[in-house]
There are 2 protein chains.
Amino acid sequence: MAVVGGSRVRALRLLFGYGFCARSVAAATPTGPRGLVYEKHGEPAQVLHLKDVALAKLGDSGVHVKMVAAPINPADINMIQGSYGIVADLPAVGGNEGVGQVMDTGNSVTTLKPGDWVIPADGGLGTWRTEAVFDEKTLLKIPPDIPLTCAATLGVNPCTAYRMLSDFETLEPGESVIQNAANSGVGQAVIQIAAAKGIKTINVIRDRPNLQDLVDRLKSLGADYVIAEETLRKPEMKELFKEIPKPSLALNGVGGKSATELMRHLRHSGTMVTYGGMSKQPVTVPVSALIFKNVNVRGFWMTQWKRDNAHSKEKLEIMIAELCTLIRKGQLVAPVCREVPLADYQAALKVSQEPYVSVKQILRM
Amino acid sequence: MAVVGGSRVRALRLLFGYGFCARSVAAATPTGPRGLVYEKHGEPAQVLHLKDVALAKLGDSGVHVKMVAAPINPADINMIQGSYGIVADLPAVGGNEGVGQVMDTGNSVTTLKPGDWVIPADGGLGTWRTEAVFDEKTLLKIPPDIPLTCAATLGVNPCTAYRMLSDFETLEPGESVIQNAANSGVGQAVIQIAAAKGIKTINVIRDRPNLQDLVDRLKSLGADYVIAEETLRKPEMKELFKEIPKPSLALNGVGGKSATELMRHLRHSGTMVTYGGMSKQPVTVPVSALIFKNVNVRGFWMTQWKRDNAHSKEKLEIMIAELCTLIRKGQLVAPVCREVPLADYQAALKVSQEPYVSVKQILRM
């Protein structure tokens, strides 16, 4: 079993975290390395501060990276609040995702060279900073021709969508998948990857102001059906399933009633995969669904997958290459993004936690 | 996918059900064929009546069976109430399990001969009757040297326990399994089959009068640990897990809080299998257990397994042979039974639905 949680983060930090072994390197920014640091868990707006962050020694396997852009994801918020599956040793730098450019490499580094573009191959690196020294094995090279916002948001949400569509049920073209949180980063990636594979998507969103605008936008991404949550309980679902087969896969980013409703529409022996719990409610499964309908209730966590596959980057590289192909073809676009200078992180944090946010906040270093 | 539910029951009844094609056969009982018939769904005590039941024609593939003993299981009650996964066409005979002896066979029957002992190979046959004509493929031959109560209760609970211990997690000797409803028919079979394989069992029971008597009895069956439900939330669980490894398999016959508590003690990537819902409460799964602990939440239904494997009886025969070997060695005994004449079915139904029942009611024909 892969190393999980704090111990791994702790080990990485001992090697590469800020605050140790301060080493003078060519400054990537006029002001020197800075980052969004938290010294205790709590609400990000309260506990995060933009501070100078000393660089670790390059060492043999270190890679000096100038971070360029890093998104604010719900998981980043939860990690700072202390309610995520990994907990960093404090003080820590926030952020799990992002894209940067290699400036220098240690003597034993073979897979990366200065000028390469990289994204994290593991969670918990702390990407909300201007530069850092990371270990070679925690980084993944990506092609240079990928738009910046796509690159910055490639490693978590599209990968989560890709794996959930691949690893639980065998979906042939024409078959269907149902998901809630269809407007989330994962949800939008599911729509696009499924559409590229010819898989039909039934996308559930919460009712909201300007619902039709969102319906139109998700349809423009390739969504086959976009329905409000209330519709899941209505007879019109029967009409829908005259057009397409019932789904063998349900993807749940919400929990609570929404998850139970999704499950009701699964076909016999189908699987519901939970990757998020926006409602803060558990997943409630009727006993009859488990026994008589043989529903499988599973979970997925990209961080764990990366760790389980850390012995070889091959599967990760294949996935990233396929996703980059979709990006080049225009079949996978980044969520609507708003780039915010690192110094304006408070405004970005605020927007990222508002309800019905459809715009991903990207910190620019 | 196997034929599920009413349609299969319907098809069987068209061929072999009572009330059709009345045929004069040598009467097995002085009064002629009788059975516990329900004409509508409801409480068994109200809707079941002991009635004359005409035999179907023997036909080419029919097997005339004199039923000898049949238990009252919770699933039988639920099926009569109309809340089970299969619904019989009405009127129907109650009972899904039991043992009988072959009296006569149709011309094309090759696997059975008069004098053989048989149990149902499928659910929904209606076993609470003195005799019936069943199709050859719905019956399974068992050895003649198995005690009657073991034979009558072999086809559902021990098979459910056997499959749940085999089909979800690979359990090596010394590893552990946790279960609630440890005193149920399935629970007792789990204890004994696991003990025979060297698998440690943690058995959860509800607090009750004379708790220690039950603890002693389950330990005499081979239970390693027997604990009251309240103990699941107490620090002494930590002490327990200093002695044996955390379980990779949890077996849930209760649902509700009991299931959630079981799940908390599973190891990372473990599986909880639900086979019953005595509490009438759904299974509630924290989102964090799915995402961060990768818990798999599954269900098992012996009836479905038999149907999924109906194309060949080989797996079923292997399982029955292994269970009969355990019975002969004294490693698998029937639950404590009370034999009740068919005519006294009302008393047996009443006792079977009382709380904390530790005695299985067996109808004798």
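Residues numbered from 1 in each chain as written. Chains lettered and ligands numbered in written order. Predicted model: local features only at pLDDT ≥ 70, side-chain atom pairs only at ≥ 80, totals over all residues. Heavy atoms only, no water.

- Chain A appears in an unreviewed UniProt entry as Enoyl-[acyl-carrier-protein] reductase, mitochondrial from Pantherophis guttatus.
- In its Sequence similarities (unreviewed entry) section, the UniProt record describing chain A reads: "Belongs to the zinc-containing alcohol dehydrogenase family. Quinone oxidoreductase subfamily."
- Recorded in UniProt under Subcellular location (unreviewed entry), the annotation for chain A is "Mitochondrion". (UniProt positions renumbered as here; feature names shortened; annotations may be inferred.)

### Some thoughts on the overall build of chain A
- What chain A contains, in helices and strands, is 13 helices and 17 strands.
- Principal-axis analysis of the C-alpha atoms places the extent of chain A at approximately 65 × 40 × 35 Å.
- Here chain A holds 365 residues, and 57% of them are scored as buried.
- When contacts within chain A are restricted to residue pairs at least 6 apart in sequence, long-range pairs at least 24 apart make up 73% of them.
- For chain A, the accessible surface area stands at approximately 14,600 Å², while carbon and sulfur atoms represent 53% of it.
- Charged side chains in chain A number 41 positive and 35 negative. The centres of these two groups are separated by 2 Å. (Helix = DSSP H or I, 4+ residues; strand = E, 2+ residues; numbered from the N terminus. Buried < 20%, exposed > 50% of the residue type's maximum accessible area, 1.4 Å probe, protein only. Contact = heavy atoms within 4.5 Å. Areas by Shrake-Rupley, 256 points an atom, 1.4 Å probe, with all protein chains shown as cover. Lys, Arg positive; Asp, Glu negative; His and termini not counted. Charge placed at Lys NZ, Arg CZ, Asp CG, Glu CD.)

### A closer look at the pattern of salt bridges
- A full pass over the atoms with the stated rule returns 24 salt bridges over all chains.
- Salt-bridge contacts for Asp167 of chain A lead to Arg163 of chain A; the nearest nitrogen and oxygen are separated by 2.7 Å. Linking Asp167 of chain A with Arg163 of chain A, this pair stays in helix H5 (residues 157–167), spanning 4 residues, or about one helical turn.
- The partly exposed category is assigned to Asp167 of chain A, whose relative accessible area is 37%.
- We note a salt bridge from Lys51 of chain B to Glu39 of chain B, for which the minimum N-O separation is 2.7 Å. (Salt bridge = Lys/Arg side-chain N within 4 Å of Asp/Glu carboxyl O.)

### So, the environment of Leu148 of chain B
- In this structure, Leu148 of chain B sits in helix H4 (residues 148–152).
- As a C-alpha pair, Leu148 of chain B and Gly276 of chain B span 128 residues in sequence and 26 Å in three-dimensional space.

### Let's talk about the relation of the copies chain A and chain B
- The two copies are related by a screw operation: chain A maps onto chain B through 180° of rotation and 0.0 Å of translation along the axis, at an RMSD of 0.0 Å. On the angle and the small slide along the axis, the relation comes out as a two-fold axis.
- In this assembly the copies share their binding face: 100% of the residues contributing to the interface of chain A also contribute to that of chain B. (Least-squares fit on C-alpha atoms with pLDDT ≥ 70 in both.)

### Some details on the interface of chain A and chain B
- In this complex, chain A contributes 28 residues to the contact, which on the side of chain B involves 28 residues.
- Carbon and sulfur atoms make up 69% of the area that chain A and chain B hide from each other, which totals about 2,300 Å².
- A per-residue breakdown of the area chain A buries against chain B is headed by Leu290, Ile291 and Phe292 of chain A, which together make up 25% of the total.
- Linking chain A with chain B are 0 salt bridges.
- Elements supplying a minimum of two residues to the side of chain A that touches chain B: strand S14 (283–285), helix H10 (287–291) and strand S15 (296–299) of chain A. (Buried area = accessible area lost by both parts, 1.4 Å probe.)

### A few points about the environment of Gly256 of chain B
All names here are of chain B.
- Relative to the elements of secondary structure, Gly256 occurs in helix H9 (residues 256–264).
- In this structure, the C-alpha to C-alpha distance between Gly256 and Ser269, residues 13 residues apart in sequence, is 21 Å.
- Contact partners of Gly256, with chain neighbours within four places excluded, come to Ser279, Gln281, Pro282 and Val283.

### Regarding the sheet that holds strand S1 (residues 34–38) of chain B
Residues and elements named next belong to chain B.
- Strand order in the open sheet formed by 3 strands is S2-S1-S4, with antiparallel pairing between adjacent strands. Of all the strands in the sheet, the pair left with one neighbour each is strand S2 (48–52) and strand S4 (92–93).
- Note that S1 and S2 share 5 bridges and pair antiparallel. Paired with Leu36 across the bridge in S2 is Leu50. (Pairing = 2+ DSSP bridges.)

### Comments concerning unusual backbone geometry
- Between Leu90 of chain A and the following residue, Pro91 of chain A, the backbone shows a cis peptide bond with an omega angle of -5°.
- Tracing the backbone through its elements, the reader meets Pro91 of chain A in the loop between helix H3 (74–81) and strand S4 (92–93).
- A positive phi angle, near 60°, is found at Asn210 of chain A, a position not held by glycine.
- Structurally, Asn210 of chain A is set in the loop between strand S10 (200–205) and helix H7 (211–221).
- Judged by relative accessible area, Asn210 of chain A falls into the exposed class, the value being 59%.
- In the Ramachandran plot, Asn294 of chain B falls in the positive-phi region, its phi being about 55° despite a non-glycine side chain.
- Along the chain, Asn294 of chain B falls in the loop between helix H10 (287–291) and strand S15 (296–299).
- Taking the relative accessible area as the measure of exposure, Asn294 of chain B reaches 21% and is therefore partly exposed.

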